[in-house]
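Descriptive structure summary
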Amino acid sequence: MSDYESNVPSPLAWPNYYAAQSKRCKDARLKAFFDAGVVDPQTPLNEVPFLAMDFETTGLDPREHGIVSVGMVPFTLSRIRCRNASHFIVKPRQTLLPKSVTIHGITHSDVKSAPDLDEVLHDVLPMLAKQVVVVHYRHIERDFLNLALLTRIQEEMFFPVIDTMLLEEQILQKQRSVVASLLGQRSTLSLRLPDIRERYGLPRYNLHHALTDALATAELLQAQIAHHFDDKTPISQLWC
């Protein structure tokens, strides 16, 4: 999965990437996404429009597996807009494996008459436009979506994300003792979404429903920023 990370622009290069893609894209839906532009890198966190996003998939490798559901929840640091949240079940082009069905509970019957991801892009891409996407482990949502678009419309799509897993890892690294730092020891605390949420006093939700996990990720970012960051911090210091 890390093969695709090398193609992701550096944090301050996102505006140039969007401008270049808006000229390069041929698909009208994707061009509209890039035409909308990216949030200014200097925008303070408390003014950023966020969109938490989660995928359930047939597996963990975007080169071999596909997306089966998409959950999206728009929010800011002060408000989560559940009324504007969206959830889509889509039919993967890859085999729906028994192991993944056990995890997310989406069955062959559920996806049999579901649309292909290509058919819901006209709903998904406008929701992503001019938002900062928040995920828990960027190699799922960003890599899966990019590979899915390359397969369907032969075009690339990267976008900046705040990865709450990566953010928590960085927070824990800063909290290490001086001795641990000198010894190069890493924190042994879990980076799983429910475990991190528990450390912030957030309630436990049932896992592996894309919409619920997106909501859980939105709440986690709000907690992480409230505990560890000035809300005037420029967004470019957190996104990747």
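The name given to the protein chain in an unreviewed UniProt entry is 3'-5' exonuclease, and the organism recorded there is Alkalimarinus alittae.

Summing up its helical and strand segments, the protein chain has ten helices and five strands in all. Expected size for 240 residues packed as a compact globule is a radius of gyration near 18 Å; at 18 Å, the protein chain falls within 12% of this value. If one aligns the C-alpha atoms of the protein chain with their principal axes, the spans along those axes are about 55 × 40 × 35 Å. The proportion of buried residues among the 240 residues of the protein chain is 52%. When the accessible area of the protein chain is evaluated, it comes to approximately 11700 Å², of which 52% is carbon and sulfur surface. Once the 25 positive and 28 negative side-chain charges of the protein chain are each reduced to a mean point, those two points are 1 Å apart.

Here the focus is the nonpolar core. Grouped together as the largest cluster of nonpolar side chains are 64 residues, with contacts concentrated most on Phe 50, Leu 128, Met 157 and Ile 162. Counting residues per element, this core draws most heavily on helix H10 (residues 210-228), at eight residues. When sequence neighbours within four positions are dropped, the list of residues in contact with Phe 50 reads Leu 45, Val 73, Pro 74, Phe 75, Thr 76, Leu 77, Gln 131, Val 132, Val 134, Ile 162, Leu 221 and Ile 235.

Right, let's get into the environment of Gly 105. Residue position: Gly 105 is located in the loop between helix H3 (98-104) and helix H4 (108-112). Taking the relative accessible area as the measure of exposure, Gly 105 reaches 43% and is therefore partly exposed. Separated by 109 residues in the primary sequence, Gly 105 and Ala 214 place their C-alpha atoms 17 Å from one another. Look past the residues within four positions of Gly 105 in its chain and what remains in contact with it is Ser 100 and Asp 110.

Relative to the helices and strands, Arg 152 resides in helix H6 (residues 138-153). A distance of 2.7 Å separates the side chain of Arg 152 from the side chain of Asp 116, its partner in a polar contact. Residues in contact with Arg 152, not counting those within four places in the same chain, are Arg 93, Asp 116, Leu 117 and Asp 118.

This brings us to the pattern of salt bridges. In the structure shown here, the tally under the stated rule is 13 salt bridges. Note that Arg 138 is salt-bridged to Asp 163, the shortest N-O span being 2.9 Å. Residue Arg 138 is located in helix H6, and its partner Asp 163 is located in strand E5 (residues 161-163); the two are separated by 25 residues in the primary sequence. Note on Arg 138: relative accessible area 14%, which makes it buried. According to the relative accessible area criterion, Asp 163 is buried, its value standing at 3%.

Of the positions making up helix H5 (residues 117-128), those classed as buried are Leu 117, Val 120, Leu 121, Val 124, Leu 125, Met 127 and Leu 128. Take H5 and look down its axis: the buried residues cluster within an arc of 145°, on one side only. Against helix H2 (28-35), strand E1 (50-57), strand E2 (67-75), strand E3 (86-89), strand E4 (132-135) and H6 lie the buried residues of H5. Of the residues one or two after H5, Lys 130 is the one with positive phi, at around 55°.

For the largest pocket, the calculated volume is near 680 Å³. In terms of lining, the largest pocket is formed by 26 residues, of which the most central are Glu 56, Leu 60, Ile 103, Ile 140 and His 208. Listed by contribution, the elements that provide at least two residues to the lining of the largest pocket are E1, H3, H6, helix H9 (193-199) and H10. Residues that form the lining of the largest pocket fall into these classes: twelve nonpolar, eight polar and six charged. What the second largest pocket holds in volume is close to 210 Å³. If you go around the second largest pocket, you meet 13 residues; those closest to its centre are Leu 167, Gln 170, Phe 229, Gln 237 and Leu 238. Elements supplying a minimum of two residues to the lining of the second largest pocket: E5 and helix H7 (164-174).

Here is what the cut-offs are and how they apply
- Residues numbered from 1 in each chain as written.
- Predicted model: local features only at pLDDT ≥ 70, side-chain atom pairs only at ≥ 80, totals over all residues.
- Heavy atoms only, no water.
- Helix = DSSP H or I, 4+ residues; strand = E, 2+ residues; numbered from the N terminus.
- Rg over C-alpha atoms; globule rule 2.2 N^0.38 Å.
- Buried < 20%, exposed > 50% of the residue type's maximum accessible area, 1.4 Å probe, protein only.
- Areas by Shrake-Rupley, 256 points an atom, 1.4 Å probe, with all protein chains shown as cover.
- Lys, Arg positive; Asp, Glu negative; His and termini not counted.
- Charge placed at Lys NZ, Arg CZ, Asp CG, Glu CD.
- Core = buried A, V, L, I, M, F, W, Y, C linked by side-chain atoms within 4.5 Å.
- Contact = heavy atoms within 4.5 Å.
- Polar contact = N/O pair within 3.5 Å; in protein donor to acceptor, adjacent residues only side chain to side chain.
- Salt bridge = Lys/Arg side-chain N within 4 Å of Asp/Glu carboxyl O.
- Arc of directions from axis to C-beta.
- 1 Å grid on protein atoms, 1.4 Å probe; cavity = no way out; pocket = protein on both sides within 12 Å on 5 of 7 lines; lining within 4 Å.
- Points joined across faces, edges and corners; volume = space filled by probe spheres on them.
- Nonpolar A, V, L, I, M, F, W, Y, C, P; charged D, E, K, R; others polar.

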